[in-house]
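# Breakdown of the fold
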2 protein chains.
Amino acid sequence: MSDLSRLSVNQETIRQWSLPELAEGCVTAGVPGVGLWRAPVQEYGVERAARLMRDAGLTVTSLCRGGFLTGDDRAPALADNRRAVDEAAALGTATLVLVSGGLPPGSRDLHGARERVAEALAELAPYAADRGVRLAVEPLHPMFASDRCVVSTLGQALDLAERFPAERVGVVVDTYHLWWDDRLAGDIARAGSRIAAFQLADWITPLPAGVLLGRGQLGDGVVDFRRLWELVEATGYAGPVEVEIFNEDLWSRDGADVLAEVADRYVGHVLPA
Amino acid sequence: MSDLSRLSVNQETIRQWSLPELAEGCVTAGVPGVGLWRAPVQEYGVERAARLMRDAGLTVTSLCRGGFLTGDDRAPALADNRRAVDEAAALGTATLVLVSGGLPPGSRDLHGARERVAEALAELAPYAADRGVRLAVEPLHPMFASDRCVVSTLGQALDLAERFPAERVGVVVDTYHLWWDDRLAGDIARAGSRIAAFQLADWITPLPAGVLLGRGQLGDGVVDFRRLWELVEATGYAGPVEVEIFNEDLWSRDGADVLAEVADRYVGHVLPA
């Protein structure tokens, strides 16, 4: 038997599945963790989703996502993020993934936008900590810097997170977004105990229009997963390893086949040999 | 009259124009510089293109491009790059833009690929210097790291270039590729006299499929051109400022209209107020 004990599958990897199908599918496949998204969880019912996963014996490894904190109208964004914290707490996960948001309309000021994120973190972190939830700042690939996330490198995420206690604000290491960065090894070491989530997807080309759904199945692209595993492992991180792939080809297939392939690729390309 | 004395238009910005149309159009518009590409120049004839531009009183500010030096079969790539040097010399430009190339098939080793680029630069730089041509290493946006250019930041380009004398190997500062990088100001200062070309395009979204043709007209996106101008100016760079936009909308329009718009946007968004 291969060791799937740390494997988690993000529900967007198999978005063709309902939450009950996801729960049943993971149990059948021996995958112990799931990463969830707010919209489908809200639709199903937060408490009901929490019960579903608990009854199936599954661990909710993260909730995606809060964030989008760079806009001019701060109050609604903060209120929505507090709800996201509440949902994470209800689901029993300690990790709320935050995607910062892009440049406000008409702005060219990336630095200023990141400072707004810092201000929002200062407001949200105590609220989250009171509920046992850690905010996990996720750097997204620089191709998303203008319209989705002004935090583009792990170094930038750490520049934000390090203003707060490590147990309150962590960072996400997502191979898809960070694989290209020659400073990544140093930044992972710097992250240390701040690594709140380790997410996997492969980098493949050509990128599709809009570039959001261009992620590759593990092993189909250029990411050196074993090296990144070693770097993350060296920090002492022993938490879940979550596969999060947005790819329309995967969504068009049978969910159980996709999950079996994910587990297979995880063993073949990610787990230390 | 606005000061267009440093403006150059890369021919790919108006690829609907033949070389004679480009020459005539630039003269008419008062644009003194052109950046050329190897394929259309070869098709027209290198010597003939050189004469055309010289007779029009235009300066060839750069030749795009050499490079693609990361593959296993080094000899043909080096031979082709020597031809590119010869063409640059014949055109009377001192700047040959190099795009490094992506990962070799099956490789996941970005660092190793960059070292191959360094080895190739060592072979090419003396040949180029003998012909009055400087190699200009161009970092491309990280979204091209796997399939087009393993050099993704100005810092990485400098790590390569600084192994050689500044007059032999320089770097390209292209706003489209570098605007997102929070280390850019420091890296431009570090570049100093190594800046061999300053190229402009704006960053707009959504990106099209393949992401190659997603560049925006100056002022249509999020790039803070005036700030980048100041940073480059502060190094002492006083050379051409070359507008290089790959965009199918621009290519579908009347070339003279596009060039007039480029000049107008250059004055309104780039030149110091």
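Residues numbered from 1 in each chain as written. Chains lettered and ligands numbered in written order. Predicted model: local features only at pLDDT ≥ 70, side-chain atom pairs only at ≥ 80, totals over all residues. Heavy atoms only, no water.

### Re the overall build of chain A
When helices and strands are tallied, chain A shows eleven helices and ten strands. What you see for chain A is a C-alpha radius of gyration of 17 Å, in line with the 19 Å of a compact globule of 273 residues. Seen along its three principal axes, the alpha-carbon backbone of chain A occupies a region of about 50 × 40 × 40 Å. In chain A, which comprises 273 residues, the proportion classed as buried is 60%. Within chain A, contacts between residues at least 6 apart in sequence are counted, and of these 80% link residues at least 24 apart. (Helix = DSSP H or I, 4+ residues; strand = E, 2+ residues; numbered from the N terminus. Rg over C-alpha atoms; globule rule 2.2 N^0.38 Å. Buried < 20%, exposed > 50% of the residue type's maximum accessible area, 1.4 Å probe, protein only. Contact = heavy atoms within 4.5 Å.)

### Some remarks on the sheet that holds strand β3 (residues 59–67) of chain A
Residues and elements named next belong to chain A. Spatially, β1-β2-β3-β4-β5-β6-β7-β10 is the arrangement adopted by the eight strands of the closed barrel, whose pairing is parallel. If you compare each strand with its neighbour and ignore which way they point, the axes differ by 30° on average. Where strand β6 (residues 169–174) and strand β7 (residues 195–200) come together, four bridges link them in parallel fashion. Its bridge partner being in β7, aspartate 174 is matched across the sheet by glutamine 199. Packing against the sheet, helix α1 (residues 19–29) makes contact with β1 (7–10) and β2 (33–37), and its axis sits at approximately 165° to β2. (Pairing = 2+ DSSP bridges. Axes fitted to C-alpha atoms, helices over the stretch in contact; angles between N-to-C directions.)

### What to know about the UniProt feature "domain: Xylose isomerase-like TIM barrel" (unreviewed entry) in chain A
Taking the numbering used here, the UniProt-annotated feature "domain: Xylose isomerase-like TIM barrel" (unreviewed entry) corresponds to residues 28–261 of chain A. End C-alpha atoms of residues 28–261 of chain A are separated by 14 Å, and the span's content is 42% helix alongside 18% strand. (UniProt positions renumbered as here; feature names shortened; annotations may be inferred.)

### As for the relation of the copies chain A and chain B
For the pair chain A and chain B, the relating rotation is 180°, the translation along its axis is 0.0 Å, and the fit reaches an RMSD of 0.0 Å. With respect to symmetry, the two chain copies, as superposed, fit the operation of a two-fold axis. Using C-alpha coordinates, one finds that chain A approaches the rotation axis most closely at alanine 209 of chain A, a distance of 1.8 Å. Interface overlap between copies: 100% of the residues of chain A at the interface are likewise at the interface in chain B, consistent with a symmetric, same-surface contact. (Least-squares fit on C-alpha atoms with pLDDT ≥ 70 in both.)

### What to know about the packing of helix α4 (residues 74–91) of chain B against helix α5 (residues 110–130) of chain B
Residue and element names in this part refer to chain B. Orientation of α4 relative to α5, taken along the N-to-C sense of each, is 40°, at an axis distance of 10 Å. In terms of orientation, α4 lies oblique with respect to α5. Read as a crossing pair, α4 and α5 show a hand that is right-handed. Between α4 and α5, the residues in contact are Arg74, Leu78, Asn81, Arg82, Val85 and Asp86 and Arg116, Glu119, Ala120, Glu123, Leu124, Tyr127 and Ala128, respectively. Of the residues contributing to the contact of α4 with α5, the split by class is six nonpolar, one polar and six charged. (Parallel < 35°, antiparallel > 145°, perpendicular 65-115°, else oblique. Left-handed = near helix turned anticlockwise from the far one by under 90°. Nonpolar A, V, L, I, M, F, W, Y, C, P; charged D, E, K, R; others polar.)

### Some thoughts on the interface of chain A and chain B
With 31 residues of chain A at the interface, the matching set in chain B holds 31 residues. For the pair chain A and chain B, the summed buried area comes to about 2,500 Å², and 58% of that belongs to carbon and sulfur atoms. Here chain A and chain B share zero salt bridges between them. Linking chain A with chain B are ten residue pairs in polar contact (both at pLDDT 80 or more), by the criterion used here. In terms of residue class, the side of chain A that touches chain B is built from 14 nonpolar, eleven polar and six charged. (Buried area = accessible area lost by both parts, 1.4 Å probe. Salt bridge = Lys/Arg side-chain N within 4 Å of Asp/Glu carboxyl O. Polar contact = N/O pair within 3.5 Å; in protein donor to acceptor, adjacent residues only side chain to side chain.)

### As for the sheet that holds strand β2 (residues 33–37) of chain B
All names here are of chain B. The parallel closed barrel is built from eight strands, whose spatial order is β1-β2-β3-β4-β5-β6-β7-β10. Adjacent strand axes in the sheet meet at a mean angle of 30°, parallel and antiparallel pairs treated alike. The sheet contact formed by strand β1 (residues 7–10) and β2 spans three bridges and is parallel. Bridge pairing in β2 links asparagine 10 to glycine 35. The sheet contacts of α4 involve β2, β3 (59–67), β4 (95–99) and β5 (134–137), and relative to β3 the element is tilted by about 175°. Sheet contacts for helix α6 (residues 154–161): β5 and β6 (169–174); angle to β6, the most-contacted strand, approximately 170°.

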